[in-house]
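# Structural features, examined
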Amino acid sequence: KRAEALATRMKEESDPVVFAYQVLFSRNPSPNELAVGNRFLSEDPARMKRYAHALLASNEFLFVE
């Protein structure tokens, strides 16, 4: 449900990958992260929920350094 909620918010943004990184990680994505995210989403915009789920399951989101 959290991934679905994040994906809904991401769809409203002009740059959903940057938005997601700022919200989840309090930083901008690296050039490589941005390229990978944009490529993944450009193939099928319906993948937004899957992308959000992957970010929410990442180590960076789960563990605070």
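Predicted model, so just to flag it, every value in this text is computed and none were measured. (Residues numbered from 1 in each chain as written. Predicted model: local features only at pLDDT ≥ 70, side-chain atom pairs only at ≥ 80, totals over all residues. Heavy atoms only, no water.)

## Re the packing of aromatic side chains
Considering all chains together, one arrives at two aromatic pairs under this definition. On the basis of an interplanar angle of 65° and a centroid distance of 5.1 Å, the ring pair of Tyr 21 and Phe 25 is categorised as edge-to-face. A residue pair is termed a helical-turn pair when its members lie 3 or 4 positions apart in one helix, as Tyr 21 and Phe 25 do in helix 2 (residues 16-25) at four residues. Per residue, the accessibility class of Tyr 21 equals that of Phe 25, and both read buried. The positively charged end of Arg 47 is found above the aromatic ring belonging to Phe 40, 4.3 Å away from the centroid. (Phe/Tyr/Trp six-rings, centres within 6.5 Å; stacked < 30°, edge-to-face > 60°. Helix = DSSP H or I, 4+ residues; strand = E, 2+ residues; numbered from the N terminus. Buried < 20%, exposed > 50% of the residue type's maximum accessible area, 1.4 Å probe, protein only. Lys NZ or Arg CZ within 6 Å of the ring centre and 35° of its normal.)

## A few points about the environment of Glu 43
Relative to the assigned elements, Glu 43 resides in helix 3 (residues 31-43). Along the primary structure Glu 43 and Ala 57 are separated by 14 residues, whereas in three dimensions their C-alpha atoms are 21 Å apart. Looking at Glu 43, its side chain comes within polar contact range of the side chain of Arg 47, at 2.9 Å. (Polar contact = N/O pair within 3.5 Å; in protein donor to acceptor, adjacent residues only side chain to side chain.)

## Regarding the environment of Ala 52
Among the structural elements, Ala 52 can be located in helix 4 (residues 48-56). The exposure class of Ala 52 is buried, given its relative accessible area of 0%. Residue contacts for Ala 52: discarding those within four places in its chain leaves Ala 3, Leu 6, Ala 7 and Met 10. (Contact = heavy atoms within 4.5 Å.)

## Thoughts on the environment of Met 10
Structurally, the position occupied by Met 10 is in helix 1 (residues 2-11). Overall, Met 10 belongs to the buried group, its relative accessible area being 0%. Leaving out residues up to four positions away in the same chain, Met 10 has contacts with Pro 16, Phe 19, Ala 20, Met 48, Tyr 51 and Ala 52.

## Concerning the nonpolar core
Residues Leu 6, Met 10, Tyr 21, Leu 24, Tyr 51, Ala 52 and Leu 55 are the most contacted members of the largest nonpolar core, which totals 16 residues. When residues of this core are assigned to their parent elements, the largest contribution, six residues, is made by helix 2. Those residues within four positions of Leu 55 in sequence are excluded, and the remaining contacts are Ala 20, Tyr 21, Leu 24, Phe 25 and Phe 61. (Core = buried A, V, L, I, M, F, W, Y, C linked by side-chain atoms within 4.5 Å.)

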